[in-house]
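For reference, the chains in residue letters:
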Amino acid sequence: MSVHATSPQFKENAHEALHDAALQKALNNMRTGFIERRALAAAELPEFEALRDSARDIKKHTLQHLDLYLEAYEKKVTESGGHVHFCRTPAEANAAVLAICKARGARTVTKGKSMISEEMGLNDALSRAAINPVETDLGEYIIQLRGEIPSHIIAPAVHLNKEQVEADFRRVHTHLPKDRVLTEPTQLLTEARGVLRERFLAADVGITGANFLIAETGTSIIVTNEGNGDLTQTLPKVHIVLASLEKLVPTLEDVSQLLRVLARSATGQDMSVYTTLSTGPRRPDDVDGPEEYHVVLLDNGRSAMLGGEFEDMLRCIRCGACMNHCPVYHAVGGHAYGWVYPGPMGAVLTPSLIGVDKAGHLPNASTFCGRCESVCPVRIPLPKMMRHWREREFARHLTPAAFRSGLRLWAFFAKCPALYRFATRIGMAALALFGKRSGRFKSLPLAGGWTDFRDMPAPQGPTFQARWTKEKRAR
Amino acid sequence: MTSARDDILANIRRSLGVTGAEAPRRSNVATRLENAPRGLIPARGQIDPTARVALFREQAERAQASVMEVARRADVPGEVARFLRDRNLPATIRIGADSRLAGMQWGETALEVSAGRSNGGDPNAVSHAFGGVAESGTLAMLSGPDNPTTLNFLPDNHIVVVAASDIAGDYETVWTRLREQVGKGTMPRTVNLITGPSRSADIEQTLLLGAHGPRTLHIIIVGESV
Ligand code: SF4
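Residues numbered from 1 in each chain as written. Chains lettered and ligands numbered in written order. Predicted model: local features only at pLDDT ≥ 70, side-chain atom pairs only at ≥ 80, totals over all residues. Heavy atoms only, no water.

*Asks:* Requested: an account of the overall build of chain A, with residues and values cited.
*Replies:* Each helix and strand counted, chain A has 23 helices and 12 strands in total. Out of the 475 residues in chain A, the part that is buried amounts to 59%. Put simply, of all contacts in chain A between residues at least 6 apart along the chain, 73% involve residues at least 24 apart. A total accessible area of about 18800 Å² is found for chain A, and carbon and sulfur atoms account for 58% of it. (Helix = DSSP H or I, 4+ residues; strand = E, 2+ residues; numbered from the N terminus. Buried < 20%, exposed > 50% of the residue type's maximum accessible area, 1.4 Å probe, protein only. Contact = heavy atoms within 4.5 Å. Areas by Shrake-Rupley, 256 points an atom, 1.4 Å probe, with all protein chains shown as cover.)

*Asks:* Help me get a handle on the confidence of the model for chain A, residues and values and all.
*Replies:* On average, residues of chain A carry a pLDDT of 85, and 83% of them reach 70 or more. Here residues 426-458 of chain A scores under 50 on pLDDT; set against residues more than four positions off or in separate chains, the count is 37 contacts. (pLDDT = per-residue confidence, 0-100.)

*Asks:* Give me the lowdown on the domain arrangement of chain B, citing residues and values where you can.
*Replies:* Domains assigned within chain B are domain 1 (1-35) and domain 2 (46-222). One C-alpha centre belongs to domain 1 of chain B, the other to domain 2 of chain B, and the line joining them spans 41 Å. (Domains from an automatic or database assignment.)

*Asks:* Please provide a residue-by-residue account of the site of the ligand, values included.
*Replies:* For the ligand, the set of nearby residues contains 14 residues, the closest of which are C316, C319, G320, C322 and C376 of chain A. Grouping the constituent residues of the shell around the ligand by class yields 12 nonpolar, one polar and one charged. (Near = heavy atom within 4 Å. Nonpolar A, V, L, I, M, F, W, Y, C, P; charged D, E, K, R; others polar.)

*Asks:* I'd like a rundown of the pairing of strand β10 (residues 292-298) of chain A, residues and numbers included.
*Replies:* Residues and elements named next belong to chain A. Of all seven residues in β10, six are buried; the element is thus mostly enclosed. Bridging between strand β1 (residues 83-87) and β10 involves five bridges; their strand directions are parallel. Its bridge partner lying in β10, C87 is registered against L298. Bridge count between strand β7 (residues 238-244) and β10: seven bridges; the pairing is parallel. Residue V241 lies in a different strand from β10, and its bridge partner there is V295. (Pairing = 2+ DSSP bridges.)

*Asks:* Which residues make up the sheet that holds strand β6 (residues 219-224) of chain A, and what values do they have?
*Replies:* Read across the sheet, eight strands follow the order β8(A)-β5(A)-β6(A)-β9(A)-β9(B)-β6(B)-β5(B)-β8(B) without closing on themselves; strand pairing throughout is mixed. Each of the sheet's edge strands pairs with one partner strand only, and the pair in question is β8 (248-249) of chain A together with β8 (167-168) of chain B. Where strand β6 (residues 138-142) of chain B and strand β9 (residues 190-194) of chain B come together, four bridges link them in antiparallel fashion. When the sheet's bridge partners are listed, L142 of chain B is paired in β9 of chain B with V191 of chain B. Sheet contacts for helix α12 (residues 252-266) of chain A: β5 (212-214), β6, β8 and β9 (274-278) of chain A; angle to β5 of chain A, the most-contacted strand, approximately 165°. (Axes fitted to C-alpha atoms, helices over the stretch in contact; angles between N-to-C directions.)

Structural data, given as structure tokens:
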């Protein structure tokens, strides 16, 4: 697996994704489920919207005081017998993990789900050092077998169908009887559980991510449904936590506020099955748990995002709601985004982390429908930030010429409201005329990229502005 | 060459336009860490003790745990035996050193009881919870020799005993109790908040129980809620 970014080819990636029948079938599974479950969970908790405000404010406060909370956090981790390794870059973070593994002579490493690990390309780094990384989250395990990167931050294998998983299991689990039946998801799960159970018990080091870090107590938190993260961190002699700077929150009370919006936004559960708070290594009277506890804390460009127009992005708690509700993600899936973080959050974060020159297309992968912002539990203004990137990209002359002239044309009209209204009225009337029969366009000149995969709704006739004026007058 | 740590802190301070020495910022942080102010607590769990236990039960069952209420601690071994018998599960359990469990009359049942952490070969474990949270049907488990963490995850079937009087309305109340027990600013090595049995929906969004952790979670609530 590699973190080689294909984000620069977003358009080509998206094009392929739209033609990929298996992917389209898999995406169908997610287009409604996540949305319904979140809506239900939110509706059942009258305080949900107020909790989102609270979650946003906690994150804002923490980011404003991040240097001080980091110092407090580090002190607590050290007091409890753990170690914090500050790392500027993925390379430094990989080196820190390798050093810990080598000191223990580690040969196998089990891994809980961690997006930071993907960001670091840790599995590659481990393999190169002859250490065998085993992903244990079912979805991550499946994509590791396939040599892919996650296509979703909480459902990494959402782009696959069970037939594909069956084929991978038959290819890799060659020690199992050839004639076994593997057609049902439950059979696949049972097989993975059996195979991975042995890995858990044999691993030398366990590596997990962190959903939150608590400054008050020096605690790291993982949130999972499978329990794989817990087996990963409890059984081996060494537990390494991979986290980025912005995971910090002040207190147990603060994290409780965030937990109340996290699972509801992600999967529509009130709480995920396992929320695990870990503080330091095994205590003197403990009969289980790791002997060493390390936190590898990655910056990778985040400290530079503070105080700027992308600071809000650091509030993200990785719930996945923005991609679950994104029509672009629904159409092309996560891999088209070409790097670790897909969907609207990826479109904003990726250019910050790997550079706008490589990920400049991503902020364009938006219809600006605003659904991502409307469901984001920490109220990140995602569309606004995608617009920031577009403006920057435009200013840096990175957009292709056709795009630029199109935008300039629009800007010209937009600056002359009367002319704009006139031009759009003519345009809309013409489109309404052409699309009258079915109310939709099957194809449009110059817009094949749109109409090949969806119909363009035909305008009803008058422009929004014209209707607004008319109806305002009628009131 | 400066250390990565100093570099990162310096970078953060540069971005925020601060030095780190500003008194108001320092006192903001110190006060927040010291006072740990409660945020917004859902009304759902703020109910009288009897209703709270009922809500806990309802929420835990919604998360696919099974729940049984017994009147007295002495009823626990019989209920554990019944649960295992009804499901045709092996009549063996693993427990930690928790005196509330170790002191029970297991001899009055046909159960084979062994003690200590799990190494993966135990079909069933019985643990005692530190407390419960009614608003989401969540159990709070503390690590240590009394209730080793491995018992929460390795066995196929996990049975958890919780005192009705330890069921709070919200997480915050559990943290307050925990601080009273272990001291502010310190924590047990692991606190597991557990809401239902292990599950995965990673294959075609089909929700399946028993991913890597226990396939079943049975909760035994002991005693009246006061
Ligand atoms: S940006 Fe918001 S909605 Fe998207 S993953 Fe982050 S927290 Fe969730």
